[in-house]
Amino acid sequence: MALLEFTDKGIYCPQGDFYIDAWRPVPKVVITHAHSDHARAGSGSYLCHRLTKPLLQLRLGAEGSYETMEWGEPVFINGIRVSLHPAGHIIGSSQVRIEYQGEVWVVSGDYKTEDDGLSGAFEAVKCNVFITESTFGLPIYSWLPQPELFTTIRDWVSRNEAEGKTSVLIAYSLGKAQRLLSCLEPVTEKIFVHGAIWNVHQTLTDAGITLPAVERVLPDMPKDIFRGRVVIAPPSAEASPWMRRFNPYAIGICSGWMQVRGNIRRRNADAGFALSDHADWKGLIDAVTATGAEKVFVTHGFQATMARYLNEKGIWAAEIKTEYGEDEEGGGAAIEEEVAVAEKEAKRGASFDEKVPHSENEPQPGEHAQ
Ligand SMILES: [Zn+2]
Ligand SMILES: [Zn+2]
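Residues numbered from 1 in each chain as written. Chains lettered and ligands numbered in written order. Predicted model: local features only at pLDDT ≥ 70, side-chain atom pairs only at ≥ 80, totals over all residues.

Chemist: So what's going on with helix 1 (residues 53-60)? Residues and values would help.
Modeler: One full turn of an α-helix is made of 3.6 residues, so residues set three or four places apart face in the same direction. Those residues of helix 1 that sit buried are Lys-53, Pro-54, Leu-55 and Leu-56. As for helix 1, its buried residues are in contact with strand 5 (45-49), strand 6 (65-69) and helix 4 (195-206). Of the residues trailing helix 1, Gly-61 is marked for its positive phi of about 110 degrees. (Buried ≥ 20, exposed ≤ 12 C-beta atoms within 10 Å, placed from the backbone. Helix = DSSP H or I, 4+ residues; strand = E, 2+ residues; numbered from the N terminus. Contact = placed C-beta atoms within 7 Å.)

Spelled out as structure tokens, the structure:
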């Protein structure tokens, strides 16, 4: 019996009789992190990192059974030793290590290998079998170090301010929105945020996490107060009437997909910043190698490409179909399109300056959908 099995409800440990990041309701589930594709409602009991619990309560409801753990402090479930280790993805995000009779498997969840100063530094955990994500598992994905990327974002914000424009940064409400705060704090007096980001912010500060102060955008605020300032909003707000109050404004999208220029145009943005909470290609390969695993299963993302690459390197690897990878903000279709654009451009040999055709009812570059 394998220590973990891939079932239609999620990753299952038959010996321990629990699931990891199940996508259907199950009696007992261990949760890697609070993004919606990994933490779904309706399960009997949830086991997660201490800092993931308040986020689960925010998203799945305060009631329900939540048990917490600290990194590196094991619990035993039906004889299986279970421990959590930092994944570096978002606050509370953890890899799940399970051990039984000397055999060790690790489920990565989502991870990034660069320390963002907020989520805890990714820990390479030795194991026999590693189950890795592959969201950005194509060699074209290579991130700039965070300090360089932050400088680019700050310069853009300062330029907008000089032109009397509001800078609207589009970022996931859980993860990137918090990361951006320390980037923006030095260049602006006040950081405005959308209500969805405000809720996450309150939850995290209530849980004892120190974050730079933000101000929630309220309907009755006079338009002038946004002039030259910075606003952080989730992708769902991007093309909505909510944006009107910031006119004149410039939109900058913070997403790993923005490494591919076609996606900046397709999203009709003024700027794209390849800021990601996932590992880039090199990060993924380095992380897999560091585990020393003799067997690797590759899930959500470019699993075929990555599995093929690992096999060529002499590491046994196979792709596994899961239901993860739907965008954390519920924009599954949007992400699929971005993946398609990325794949197309990768095939074309990374000639990023070619035009990507716009569909007829899509707004043309330079004008905002309002
Ligand atoms: Zn995630
Ligand atoms: Zn994910």
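Next comes the rest of the write-up.
Chemist: For the sheet that holds strand 6, give the residues involved together with the corresponding values.
Modeler: Here we have six strands laid out as an open sheet, ordered 1-2-3-4-5-6, and mixed in their pairing. Two strands close off the open sheet at either side, each with one partner strand: strand 1 (5-7) and strand 6. Along the sheet, successive strands turn relative to each other by an average axial angle of 30 degrees, direction set aside. For strand 3 (residues 18-20) and strand 4 (residues 28-30), the ladder comprises two bridges, and the chain directions are parallel. Residue pairing in the sheet places Tyr-19 in a bridge with Val-29 of strand 4. (Pairing = 2+ DSSP bridges. Axes fitted to C-alpha atoms, helices over the stretch in contact; angles between N-to-C directions.)

Chemist: Summarise the sheet that holds strand 17 (residues 271-273); cite the residues concerned and give the values.
Modeler: In spatial order, the strands read 14-13-15-12-16-17; together these six strands make up an open sheet with parallel pairing. Edge positions in the sheet fall to strand 14 (215-216) and strand 17, since each of these pairs with one other strand and no more. Where strand 16 (residues 249-254) and strand 17 come together, three bridges link them in parallel fashion. Bridging across to strand 17, Ile-253 finds its partner in Gly-272. Contacting strand 13 (191-193), strand 14 and strand 15 (230-233), helix 4 crosses the sheet at an angle of about 105 degrees to strand 13.

Chemist: Would you mind going over the pairing of strand 18 (residues 295-301) in detail, with residue names and values included?
Modeler: In summary, the side chains of a regular strand alternate between the two faces of the sheet. Buried residues dominate strand 18, accounting for six of its seven residues. Relative to strand 18, strand 11 (residues 129-134) is paired through five bridges, and the arrangement is parallel. Bridge pairing in strand 18 places Phe-130 opposite Val-296. Assessed by its sense of winding, the connection that carries the chain from strand 18 through helix 7 (residues 303-312) to strand 19 (residues 316-319) is right-handed. (Right-handed = clockwise from strand over helix to strand, strands pointing away.)

Chemist: I'd like a description of the pairing of strand 9 (residues 94-100), backed by residues and values.
Modeler: When you tally the buried positions in strand 9, you get five out of seven residues, the bulk of the element. As paired elements, strand 8 (residues 80-86) and strand 9 share six bridges and run antiparallel to each other. Residue pairing across strands places Arg-81 opposite Glu-99, the latter belonging to strand 9. Taken together, the five bridges between strand 9 and strand 10 (residues 103-107) define a ladder with antiparallel strand orientation. Within strand 10, the position partnered with Glu-99 by the bridge is Val-104. Linking strand 9 back to strand 10 in an antiparallel pair, the connection comprises two residues, with Gln-101 at a positive phi of about 45 degrees.

Chemist: An account of the environment of Phe-273 is requested, with residue identities and associated values reported.
Modeler: Structurally, Phe-273 can be placed in strand 17. Owing to 26 C-beta atoms within 10 Å, Phe-273 belongs among the buried residues under this scheme. C-alpha of Phe-273 to C-alpha of Met-258: the two residues are 15 residues apart in sequence and 5.9 Å apart in space. Among residues more than four places away in sequence, those in contact with Phe-273 are Leu-149, Thr-152, Ile-153, Gly-252, Cys-254 and Met-258.

Chemist: So what's going on with helix 2 (residues 146-162)? Which residues, and what values?
Modeler: Between its first and last C-alpha atoms helix 2 spans 24 Å; for 17 residues at 1.5 Å apiece the expected length is 24 Å, and the two agree. The set of residues buried in helix 2 consists of Phe-150, Ile-153, Val-157 and Asn-160. Around the axis of helix 2, the buried residues are gathered within 85 degrees of arc, so they sit on the same side. Those residues of helix 2 that are exposed and aimed more than 90 degrees away from the buried face are Pro-147, Glu-148, Asp-155 and Ala-162. (Expected span 1.5 Å × (residues − 1). Arc of directions from axis to C-beta.)

Chemist: Can you explain the packing of helix 1 against helix 4? Please cite residues and give values.
Modeler: With their axes 9 Å apart at the nearest point, helix 1 and helix 4 run at an angle of 145 degrees to one another. In terms of crossing hand, the pair formed by helix 1 and helix 4 is right-handed. In this structure, helix 1 uses Pro-54, Leu-55 and Leu-58 to contact helix 4, whose residues at the interface are Asn-199, Thr-203 and Asp-206. For the contact of helix 1 with helix 4, a count of residues per class yields three nonpolar, two polar and one charged. (Left-handed = near helix turned anticlockwise from the far one by under 90°. Nonpolar A, V, L, I, M, F, W, Y, C, P; charged D, E, K, R; others polar.)

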